[in-house]
Number of protein chains: 2
Amino acid sequence: MQSCLVLGGGGFLGINLCHRLVAAGFRVRAFGRGCLFPAALEGVEWQRGDFSDAGSVADAIGSVDVVFHLIHNGTPQSATLDMTGDIRHNLLPSLALLEMVRTAGAPRIVFVSSGGTIYGRAERIPTPETSLANPITAYGITKLAIEKYLGLYEHLYGLDYRVLRLTNPFGPYQVPVKNQGLIAAIISRALRGESIEIWGDGKAIRDFIFVDDAIEALLLAALDQSNQRVFNIGSGQGRSVKDVIALIEHVMNQRLDIHWNAGRPIDVPRSVVTIDRARDVLRWLPKTSFEAGLERTIDWWRSFAL
Amino acid sequence: MQSCLVLGGGGFLGINLCHRLVAAGFRVRAFGRGCLFPAALEGVEWQRGDFSDAGSVADAIGSVDVVFHLIHNGTPQSATLDMTGDIRHNLLPSLALLEMVRTAGAPRIVFVSSGGTIYGRAERIPTPETSLANPITAYGITKLAIEKYLGLYEHLYGLDYRVLRLTNPFGPYQVPVKNQGLIAAIISRALRGESIEIWGDGKAIRDFIFVDDAIEALLLAALDQSNQRVFNIGSGQGRSVKDVIALIEHVMNQRLDIHWNAGRPIDVPRSVVTIDRARDVLRWLPKTSFEAGLERTIDWWRSFAL
């Protein structure tokens with residue numbers, strides 16, 4: 001891998017990934033609608049564009065070796081409110097991307113899927129990659145469909161790809177937009193002394209992964225030569241929303257003002273994945289404890305907000 | 001169930017289903033782009049329309065109790081050549097259908113999915129419903145996505161649905177269009193004394209089900225009150241293309257002129273499903289032997305063609 005393109009390079013994961021790729025000495029191009037932290041993309045060739053604009057995407061691909069596909073326009077909630085829009089803005093452009101990649105010297109695609117939404121009402125917790133996908137959001141269905149088209153393109157045209165089913169990443173550069181990113185939402189509101197809206201009773205279990213560890217998995221997936229295609233990437237540990245709040249209160253040494261709202265049907269009660277495959281095949285393991293990740297995230301917010 | 005709508009009522013399965021429903025005393029409306037055998041739809045209210053035209057579909061739904069969704073524009077091959085078109089003409093209108101059904105007094109939907117294409121490179125033969133879907137055609141991916149949206153609509157809005165994953169149905173009113181329907185293609189060409197094009201070496205294994213048996217399963221699915229949602233419907237028996245040809249030669253007492261072409265990547269080597277769930281839950285079993293089904297199909301072609 002010499003050069004790579006990060007689709008969605010201006011977002012939370014994208015910025016962190018670009019950082020890491022530049023540090024590792026790769027030529028990095030980032031593509032997206034915008035970036036809240038342009039200074040964070042130093043050393044990166046930025047190309048502004050819309051994912052639905054096939055011409056811009058094709059320009060961005062050029063002759064890179066690896067395409068990281070991190071774009072999903074909208075959230076699990078917004079996708080479910082406008083399923084047709086979700087298909088038009090995510091599924092169709094992703095399919096167009098596959099066709100471009102096929103005709104562009106066939107770089108590898110690393111696609112960031114969703115460990116948090118693809119399994120839905122999971123048969124087993126923690127959930128292995130071999131479980132049936134029963135998404136309860138349109139977001140999860142679109143991610144699943146893109147995974148299946150990747151498999152089809154490999155079958156028909158030899159497309160080279162890896163899928164990472166990422167759970168709930170958190171860390172620096174995650175800002176709460178449209179109710180996404182529980183930890184970012186809590187910290188940012190706490191720092192401003194604002195109250196925090198939570199959906200559900202706090203007993204929902206999630207699998208949080210510190211962003212640096214997730215990014216390491218993306219790099220390993222870009223280089224992987226195994227026969228596996230789909231990898232869960234998470235901590236492998238479940239943690240309740242209540243526990244997360246308590247820990248943030250502890251680290252920030254501050255009592256949080258939580259407003260509890262009724263649960264939403266798009267939120268699964270429990271979401272935790274197994275990470276044995278990534279450990280065995282990618283030789284990947286998360287290195288950052290949840291507490292250490294929280295501290296680094298809070299430090300970032302303090303340095304950035306003050 | 002008093003009244004029902006058959007989307008795709010002018011096609012092979014649709015005509016057979018309408019017949020059966022009328023015989024059972026139901027009020028039947030059929031919707032589709034056209035019907036090659038209008039006389040076969042006696043007693044059925046025919047509404048001509050395009051599935052992509054939401055207004056026509058909504059009109060057709062009216063206040064029926066059950067909607068049978070049998071429409072798929074295109075074939076596994078054509079869908080794979082134009083994946084975007086397949087999404088536009090099948091996935092998006094199916095999603096629009098779910099939204100219409102939700103706001104139309106919520107009739108049950110019985111969706112005909114594809115046992116032949118949804119599993120793709122199946123983990124197990126015969127394949128149970130619990131197997132992972134790894135389609136090797138865009139057709140199979142779209143069917144899978146529609147199944148997932150049905151599940152999502154049940155989760156969010158209580159939509160009432162059943163999915164039948166049908167293998168390779170054959171019988172009267174199946175005419176070979178765009179290389180679909182192996183048995184219909186062979187018989188019709190044999191009757192005209194034409195040569196027959198076959199893709200692959202004849203060793204491909206398929207699960208053929210006589211149409212009357214498939215239709216019986218559709219009726220039972222419309223009435224089912226179990227907790228199951230997805231049912232394989234096939235014979236449960238594998239049969240090679242070569243065996244099928246030999247049997248047709250035997251029944252027609254005629255030597256066939258076969259042109260063997262190279263295999264296509266969209267054809268799986270083996271496709272056979274388990275039918276235990278339909279047997280146990282729907283109390284359904286195929287009643288027509290393959291040989292008897294062939295004879296009835298050949299009789300139909302002879303009466304129709306001569």
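Since we're looking at a predicted model, the values are computed, not measured. (Residues numbered from 1 in each chain as written. Chains lettered and ligands numbered in written order. Predicted model: local features only at pLDDT ≥ 70, side-chain atom pairs only at ≥ 80, totals over all residues. Heavy atoms only, no water.)

**Q** Would you mind going over the sheet that holds strand β3 (residues 45-48) of chain B with me for this structure?
**A** Within a sheet, neighbouring strands are paired by backbone hydrogen bonds and run either parallel or antiparallel to one another. Residue and element names in this part refer to chain B. Reading across the sheet, the seven strands line up as β3-β2-β1-β4-β5-β6-β11 and stay open at both edges, with parallel pairing between neighbours. Either end of the sheet is taken by a strand with one partner, and the two such strands are β3 and β11 (230-233). Across this sheet, the average inter-strand angle for adjacent strands is 20°, counted without regard to direction. Strand direction decides the pairing type here: strand β2 (residues 27-32) and β3, joined by four bridges, are parallel. When the sheet's bridge partners are listed, Phe-31 is paired in β3 with Gln-47. Together, β1 (3-7), β4 (66-69) and β5 (108-114) form the strand contacts of helix α4 (residues 83-102), whose direction differs from that of β4 by roughly 175°. Of the strands in this sheet, β4, β5, β6 (161-166) and β11 are in contact with helix α7 (residues 211-223), which crosses β5 at around 145°. (Pairing = 2+ DSSP bridges. Helix = DSSP H or I, 4+ residues; strand = E, 2+ residues; numbered from the N terminus. Axes fitted to C-alpha atoms, helices over the stretch in contact; angles between N-to-C directions. Contact = heavy atoms within 4.5 Å.)

**Q** Explanation requested: the relation of the copies chain B and chain A in the structure shown.
**A** Relating one copy of the chain to the other requires a rotation about an axis plus a shift along that axis. After a rotation of 180° and a shift along the axis of 0.0 Å, chain B superposes on chain A with an RMSD of 0.0 Å. Such a combination of rotation and displacement between the chain copies is what one expects of a two-fold axis. Both copies present the same face, since 100% of the interface residues in chain B are matched by interface residues at the equivalent positions in chain A. (Least-squares fit on C-alpha atoms with pLDDT ≥ 70 in both.)

**Q** Help me understand the pattern of salt bridges in this model?
**A** Residues and elements named next belong to chain A. For the structure shown, the criterion picks out 30 salt bridges over all chains. A salt bridge links Arg-264 to Asp-267; the nearest nitrogen and oxygen atoms lie 2.9 Å apart. What emerges from the salt-bridge pattern is a single network uniting Arg-108, Asp-160, Arg-162 and Asp-224. (Salt bridge = Lys/Arg side-chain N within 4 Å of Asp/Glu carboxyl O.)

**Q** Please clarify how the sheet that holds strand β4 (residues 66-69) of chain A should be interpreted in this entry.
**A** Residue and element names in this part refer to chain A. Pairing within the open sheet is parallel, and its seven strands lie in the order β3-β2-β1-β4-β5-β6-β11. Of all strands in the sheet, those bounded by a partner on one side alone are β3 (45-48) and β11 (230-233). Recorded for the sheet is a direction-independent mean angle of 20° between the axes of neighbouring strands. Where strand β1 (residues 3-7) and strand β2 (residues 27-32) come together, five bridges link them in parallel fashion. Residue pairing for β2: Cys-4 is matched across the bridge by Val-28.

**Q** Sorry if this is basic, but what is going on with the packing of aromatic side chains here?
**A** Each aromatic ring pair is characterised by the separation of its centres together with the angle its planes make. All names here are of chain A. Applying the stated rule across the entire model yields 18 aromatic pairs over all chains. Judged by centre distance (5.6 Å) and plane angle (70°), the ring pair of Phe-37 and Trp-300 falls under edge-to-face. Note that Phe-37 is positioned in the loop between β2 and β3 and Trp-300 in helix α10 (residues 290-305), a separation of 263 residues in sequence. Trp-300 matches Phe-37 in its accessibility class, with the two residues each being buried. Here Tyr-153 and Tyr-157 contribute two aromatic rings whose centre-to-centre distance is 5.0 Å and whose plane-to-plane angle is 55°, an arrangement assigned as tilted. Of this pair, Tyr-153 and Tyr-157 both sit in helix α5 (residues 138-157), four residues apart, roughly one helical turn. Put simply, the rings of Phe-37, Tyr-173, Trp-300 and Trp-301 pair up and form one aromatic cluster. (Phe/Tyr/Trp six-rings, centres within 6.5 Å; stacked < 30°, edge-to-face > 60°. Buried < 20%, exposed > 50% of the residue type's maximum accessible area, 1.4 Å probe, protein only.)

**Q** What is the right way to read unusual backbone geometry from this model?
**A** Negative phi values dominate among residues other than glycine, just as trans dominates among peptide bonds. Here the amide bond leading from Ile125(A) into Pro126(A) is cis, since omega sits at -5°, within 30 degrees of zero. If you check the backbone angles, Asn253(B) has positive phi at about 50° while not being a glycine. Residue position: Asn253(B) is located in the loop between α8 (241-252) and β13 (258-261).

**Q** For this particular structure, what's the right way to read the interface of chain B and chain A?
**A** You'll often see interface size given as the accessible area lost when the parts meet. With 31 residues of chain B in contact, the opposing surface of chain A contributes 31 residues. Counting the contacts that link chain B with chain A gives zero salt bridges. If you look at where chain B meets chain A, you find six residue pairs in polar contact (both at pLDDT 80 or more). Of all the secondary-structure elements, those providing two or more residues to the side of chain B that touches chain A are α4 and α5 (138-157) of chain B. In terms of residues, the side of chain B that touches chain A owes the most to one element, α5(B), which gives twelve residues. Of the residues contributing to the side of chain B that touches chain A, the split by class is 19 nonpolar, nine polar and three charged. (Polar contact = N/O pair within 3.5 Å; in protein donor to acceptor, adjacent residues only side chain to side chain. Nonpolar A, V, L, I, M, F, W, Y, C, P; charged D, E, K, R; others polar.)

**Q** When you look at helix α6 (residues 182-191) of chain A in this model, what are you seeing that I'm missing?
**A** An α-helical turn contains 3.6 residues, so any two residues separated by three or four positions project in the same direction. Residue and element names in this part refer to chain A. By the criterion of burial, α6 is predominantly enclosed, with seven of the ten residues buried. Along α6, the positions that sit buried rather than exposed are Ile-183, Ala-184, Ala-185, Ile-186, Ile-187, Ser-188 and Ala-190. Of the residues trailing α6, Gly-193 is marked for its positive phi of about 70°.

**Q** Looking at this model, I keep getting lost on the side chain of Ser94(A). Mind explaining?
**A** Residues and elements named next belong to chain A. Structurally, the position occupied by Ser-94 is in helix α4 (residues 83-102). Note on Ser-94: relative accessible area 3%, which makes it buried. In terms of polar contacts, Ser-94 uses its side chain to reach the side chain of His-69, at 3.0 Å. Excluding residues within four positions of it along the chain, Ser-94 makes contact with Phe-51, His-69 and Ile-146.

**Q** Please clarify how helix α8 (residues 241-252) of chain A should be interpreted in this entry.
**A** In this model α8(A) runs 16 Å from its N-terminal to its C-terminal C-alpha over twelve residues, within 8% of the 16 Å that 1.5 Å per residue would give. Along α8(A), the residues classified as buried are Val241(A), Val244(A), Ile245(A), Leu247(A), Ile248(A), Glu249(A) and Met252(A). (Expected span 1.5 Å × (residues − 1).)

**Q** Looking at this structure, how should I read the packing of α4(A) against α4(B)?
**A** Pairs of packed helices are described in terms of their axes, by the angle between the two and the distance that separates them. Packing of α4(A) against α4(B) leaves a shortest axis separation of 11 Å and a crossing angle of 165°. Relative to α4(B), α4(A) is oriented roughly antiparallel. Crossing of α4(A) against α4(B): the hand is right-handed. Residues Met83(A), Thr84(A), Ile87(A), Arg88(A), Leu91(A), Leu92(A) and Leu95(A) of α4(A) form the contact with α4(B), whose own contacting residues are Met83(B), Thr84(B), Ile87(B), Arg88(B), Leu91(B), Leu92(B) and Leu95(B). Residue composition of the contact of α4(A) with α4(B), grouped by class: ten nonpolar, two polar and two charged. (Parallel < 35°, antiparallel > 145°, perpendicular 65-115°, else oblique. Left-handed = near helix turned anticlockwise from the far one by under 90°.)

**Q** What exactly am I supposed to notice about the side chain of Arg29(A) here?
**A** Take Arg29(A): it is sitting in strand β2. With residues near it in sequence (within four places) discarded, Arg29(A) still touches Cys4(A), Leu5(A), Val6(A), Val44(A), Glu45(A), Gln47(A), Asp59(A), Ala60(A), Ile61(A), Gly62(A) and Val64(A).

**Q** Would you mind showing me how to read the environment of Ser235(A) here?
**A** Residues and elements named next belong to chain A. Structurally, Ser-235 is set in the loop between β11 and β12 (239-240). Sequence spacing of Ser-235 and Arg-108 is 127 residues, and the spatial spacing of their C-alpha atoms is 26 Å. Within polar-contact distance, the side chain of Ser-235 engages the backbone nitrogen of Gln-237 at 3.0 Å.

**Q** It is not clear to me how the confidence of the model for chain A should be interpreted in this structure. Could you clarify?
**A** Low-pLDDT stretches of the model should not have their predicted coordinates read in fine detail. Across chain A, the average pLDDT comes to 94, with 99% of residues at or above 70. Here the complex is predicted with pTM 0.95, and the ipTM for its interfaces comes to 0.93. (pLDDT = per-residue confidence, 0-100.)

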